Number of protein chains: 2
Amino acid sequence: MESSSESIRNYIWGKNTVLETISQNPKRINKIFFSDGINFDNKLKKIKELAQKNSIFIQFTNLNKFNKYFEIDKKKLTNINFQGVIASVSPVEYQDFETFLNKKSDKYRKIVILDGVADPHNFGAIIRTLVAASYDAVIIPKHRSCPINATVEKTSCGAVNHIPIIKANSLPSIVDTLKKNDWWIIAADGQSNDNYFEISYKDMNFAIILGAEGEGVSKTLLNKADFKIKIPSSFESLNVSAACAVIVYESIRQIHQM
Amino acid sequence: MESSSESIRNYIWGKNTVLETISQNPKRINKIFFSDGINFDNKLKKIKELAQKNSIFIQFTNLNKFNKYFEIDKKKLTNINFQGVIASVSPVEYQDFETFLNKKSDKYRKIVILDGVADPHNFGAIIRTLVAASYDAVIIPKHRSCPINATVEKTSCGAVNHIPIIKANSLPSIVDTLKKNDWWIIAADGQSNDNYFEISYKDMNFAIILGAEGEGVSKTLLNKADFKIKIPSSFESLNVSAACAVIVYESIRQIHQM
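**Observations regarding the overall build of chain A**
The number of helices and strands found in chain A is eight helices and twelve strands. Rg of the C-alpha trace for chain A: 20 Å, near the compact-globule value of 18 Å for 258 residues, within the 12% margin. Along the first, second and third principal axes, the C-alpha set of chain A runs to 60 × 40 × 40 Å. Scored against the burial criterion, the 258 residues of chain A give a buried share of 43%.

**Focus: the relation of the copies chain A and chain B**
Least-squares fitting of chain A to chain B yields an RMSD of 0.0 Å, with the transformation described by 0.0 Å of translation along the axis and a rotation of 180 degrees. Within this description, the copies of the chain are treated as partners about a two-fold rotation axis.

**So, the environment of Val152(B)**
Residue and element names in this part refer to chain B. Of note, Val152 is situated in helix α5 (residues 150-155). For Val152, a count of 26 C-beta atoms within 10 Å translates into the label buried. Separated by 124 residues in the primary sequence, Val152 and Arg28 have C-alpha atoms spaced 16 Å apart. Discounting residues that sit within four places of it in the chain, Val152 has contacts with Pro120, Phe123, Gly124, Cys146 and Val160.

**So, the interface of chain A and chain B**
Each partner contributes to the interface: chain A provides 32 residues, whereas chain B provides 32 residues. When residues of the side of chain A that touches chain B are traced back to their parent elements, those giving at least two are β5 (75-76), α4 (120-132) and α8 (240-256) of chain A. Considering every element that reaches the side of chain A that touches chain B, the biggest residue donor is α8(A), with seven residues. Here the side of chain A that touches chain B is composed, by residue class, of 16 nonpolar, ten polar and six charged.

**With respect to the packing of α4(A) against α8(A)**
Residues and elements named next belong to chain A. The geometry of α4 relative to α8 is characterised by a closest axis approach of 9 Å and an angle of 15 degrees between their N-to-C directions. In terms of axis orientation, α4 runs roughly parallel to α8. Seen along the crossing, α4 lies across α8 with a hand that is right-handed. Here α4 contributes Asn122, Ala125, Ile126, Thr129 and Leu130 to the contact with α8, which in turn contributes Val240, Ser241, Cys244, Ala245 and Val248. Grouping the constituent residues of the contact of α4 with α8 by class yields seven nonpolar, three polar and no charged.

**Considering the sheet that holds strand β9 (residues 165-168) of chain B**
Residue and element names in this part refer to chain B. Sheet architecture is open: six strands sit in the order β9-β8-β7-β11-β10-β12, paired in parallel fashion. Both edges of this open sheet fall to β9 and β12 (227-229), since each of them pairs with a single strand only. For this sheet, the mean angle separating the axes of adjacent strands, direction not counted, is 25 degrees. The sheet contact formed by strand β7 (residues 110-115) and strand β11 (residues 206-211) spans six bridges and is parallel. When the sheet's bridge partners are listed, Leu114 is paired in β11 with Leu210.

**Here we look at the confidence of the model for chain A**
Residues and elements named next belong to chain A. Per-residue confidence for chain A gives a mean pLDDT of 88, with 91% of residues at or over 70. Here β5 stands out as the element of chain A with the lowest mean pLDDT, 50, in contrast to strand β10 (residues 184-188), whose mean of 98 is the highest. The low-confidence segment residues 1-8 (pLDDT under 50) makes eight contacts with residues lying over four places distant or belonging to another chain. Interface scoring of the predicted complex returns ipTM 0.83; its pTM is 0.84.

Criteria and cut-off values
Residues numbered from 1 in each chain as written. Chains lettered and ligands numbered in written order. Predicted model: local features only at pLDDT ≥ 70, side-chain atom pairs only at ≥ 80, totals over all residues. Helix = DSSP H or I, 4+ residues; strand = E, 2+ residues; numbered from the N terminus. Rg over C-alpha atoms; globule rule 2.2 N^0.38 Å. Buried ≥ 20, exposed ≤ 12 C-beta atoms within 10 Å, placed from the backbone. Least-squares fit on C-alpha atoms with pLDDT ≥ 70 in both. Contact = placed C-beta atoms within 7 Å. Nonpolar A, V, L, I, M, F, W, Y, C, P; charged D, E, K, R; others polar. Axes fitted to C-alpha atoms, helices over the stretch in contact; angles between N-to-C directions. Parallel < 35°, antiparallel > 145°, perpendicular 65-115°, else oblique. Left-handed = near helix turned anticlockwise from the far one by under 90°. Pairing = 2+ DSSP bridges. pLDDT = per-residue confidence, 0-100.

This is how it looks when you write it as structure tokens:
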């Protein structure tokens, strides 16, 4: 599945992120470190309980020694607030596109395709929004996208464990396959004449394509889209994670108000 | 207006942020630094042109020497991509609430009140969204909120120059004053029974109150709200800047589709 460069040991931290991961996907967790002499509140208690239940090794230690490991995105973060807990984890496993596509579903499915979103904060925030909105998957290109690193896990609040993440060799061929299978393709495009709330998201499987900030969705993918939509703005375009939230929740609103 | 602690010299960087600021608010800029031997593209040319027009001092230098100044939010950022330009700026001036309130307006006005949003990325992203959506102001509490530092300016893409930012000694008394002046108060509240798309944002002046992550809007303010709304989620609540985008753009959709 994954290249060796991404199977290096990884860490996550913070009560919510660790609790989400151990609840949802305990097999990913190799070991849990609690801060020496920490007071166990309800969340930490729950983490400890689930660790014991899943036979995960626990160690009490001075968490500050971890700071030196956490040079993320070329930014050296100092004074991270670990909230008393760090976990060593295996990487999130990517899902296979064909398996996802062929899975039987008794409802229409909704996915997002990220065409080159490289910023880990945006990627994490988008995953969190998609899980909140019960979206069915997110597809990213094998190249030009952000790996699921500690920043992504943290920003997503552990949501990376709740949604299939699919890595594609070629987004255009993914889009072609979706179209052949009667999915509708919606691309965000600042140049479009149609506002995002002027199309219907009901009664169909659909994929929303969002592009990198500045560049937007690539021309190849725009040409394949069934609908192009914009978010009206009297300033620059929205940040990509804000844009994602606006469009995704418009689809939720429409489906909810059927 | 401002306390001395906030009138210290500040820097902004990046083509879009510097261009937005010099276009919108040239008086804030004290000096512009270009990278030694930089190739001037259209944006940098425009910045240089506006600097000359406004008699702003320009200096060519090695921008890397600035890295040591930029210890922001207790995180030491290394390898910042300045995109060839840094500006030394005066702080954004806060606006006066009474002046804003009493200003004549021929249309209904829309504002956001941030009840303790401390994260600079969220604050910057929220300001960018509000400017995109042509909102009329943002109100923050004097204490418990994020100062408008370089991270906020950068994340907002210079949008801080496009919207009145009001600092309140007391949010409850601001809300009381708004209500006395026939404004409607809408508070985000995960416990509410009403979805954000089930209320009408049309034909009224209104303020949307958003709370800090985890804590939400304070009880005092919730009790003063005319409407409490939630964003449906099958996971944790949305990130506050995503939540802001969803609610703000629902108001835009409703007003647009009148």
